[in-house]
Amino acid sequence: MIDAQVLPTPIGPLSLLCRDGVLVAAGFTADPSDMFVRLSPALQAEGLDVVDDLGPAAQAVRDYLDGDLLALDAVPVEQPGTATRKRLHEALREVKPGTTVSYAELAERAGLPRTAARAAGSACSQNLIAPFVPCHRVLPGSGGYGGYYYGVPVKEWLLAHESARL
C-alpha cells in the first residue's frame, strides 16, 4: 500500500507518498492522486491510502519549513529511471540548500559530460520527489529560473526560503 499525506506549506499543499517508509513521490498538489498516477503500474497496483501522519517524512517537511534546510536529505527516496537518470537524481540530492547549479554542472556532477545538459533537464522534469530531490536548485546556464513542474513561483519561493536561512 502507498500511504499519502498532504501537508500545508506557505506555497500551497505538498503531497507525500511513501511505501514502507521510503518516499516514492512528493509534489506541490492538494490531491495525492495527482502524484499517484505518475507512479509505475506496479506501485499503483498496491493502492493508495491517505493517512494522518507519515512520520519522519512529514516531520522533515515541517523541519525544513522551520529552517532546518538539511532535514529533507535524511528521508530515503526511490524513483524509477535509467542508470543515468538515477545518477542525475543522486547528484541533485548533493546540491546543497541555498546554492544552485546549471544543467551542465548537474550533468558533470553525475559523471556525464557538460554536453549532457539536456539529459539533466529531462531528469529534472521527470523528478517525482520534489523538493526532496531538489530540482528547484537547477537553473539554466543562460540565466533566469527556467521551468519547474509546479510553477516558477514555487521554485522562486523555495530558493528564497533556502537563501534566507543561510
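Residues numbered from 1 in each chain as written. Predicted model: local features only at pLDDT ≥ 70, side-chain atom pairs only at ≥ 80, totals over all residues. Heavy atoms only, no water.

Participant: Help me out: how do you make sense of helix α7 (residues 152–164) in this one?
Facilitator: Every α-helix carries 3.6 residues per turn, so stepping three or four residues along brings you back to the same face. Spanning 13 residues, α7 covers 18 Å between terminal C-alpha atoms, matching the ideal 18 Å at 1.5 Å per step. The complete set of buried residues in α7 reads Val-154, Lys-155, Leu-158, Leu-159, His-161 and Glu-162. Looking straight down α7, one finds its buried side chains confined to an arc of 160 degrees; they lie on one side. Seen from the buried face of α7, the exposed residues on the opposite side, beyond 90 degrees, are Pro-153 and Ala-164. Those residues of α7 that are buried are in contact with α3 (56–65), α5 (103–109) and β6 (138–139). (Helix = DSSP H or I, 4+ residues; strand = E, 2+ residues; numbered from the N terminus. Expected span 1.5 Å × (residues − 1). Buried < 20%, exposed > 50% of the residue type's maximum accessible area, 1.4 Å probe, protein only. Arc of directions from axis to C-beta. Contact = heavy atoms within 4.5 Å.)

Participant: So what exactly am I meant to see when it comes to the packing of aromatic side chains here?
Facilitator: Given two aromatic rings, one states the distance between the centres and the angle between the planes to describe the pair. Tallying each qualifying case throughout the model produces three aromatic pairs. Taken together, a centroid distance of 5.8 Å and an interplanar angle of 70 degrees make the contact between Phe-28 and Tyr-150 edge-to-face. Residue Phe-28 is located in the loop between β3 (22–27) and α1 (32–36), and its partner Tyr-150 is located in the loop between β6 and α7; the two are separated by 122 residues in the primary sequence. With respect to class, Phe-28 is no different from Tyr-150; both count as buried. Ring centres 4.9 Å apart and planes at 70 degrees place the aromatic pair Tyr-149 and Tyr-150 in the edge-to-face group. What makes Tyr-150 buried here is its relative accessible area of 16%. Here the aromatic cluster, defined as three or more aromatic residues joined through ring pairs, consists of Phe-28, Tyr-148, Tyr-149 and Tyr-150. (Phe/Tyr/Trp six-rings, centres within 6.5 Å; stacked < 30°, edge-to-face > 60°.)

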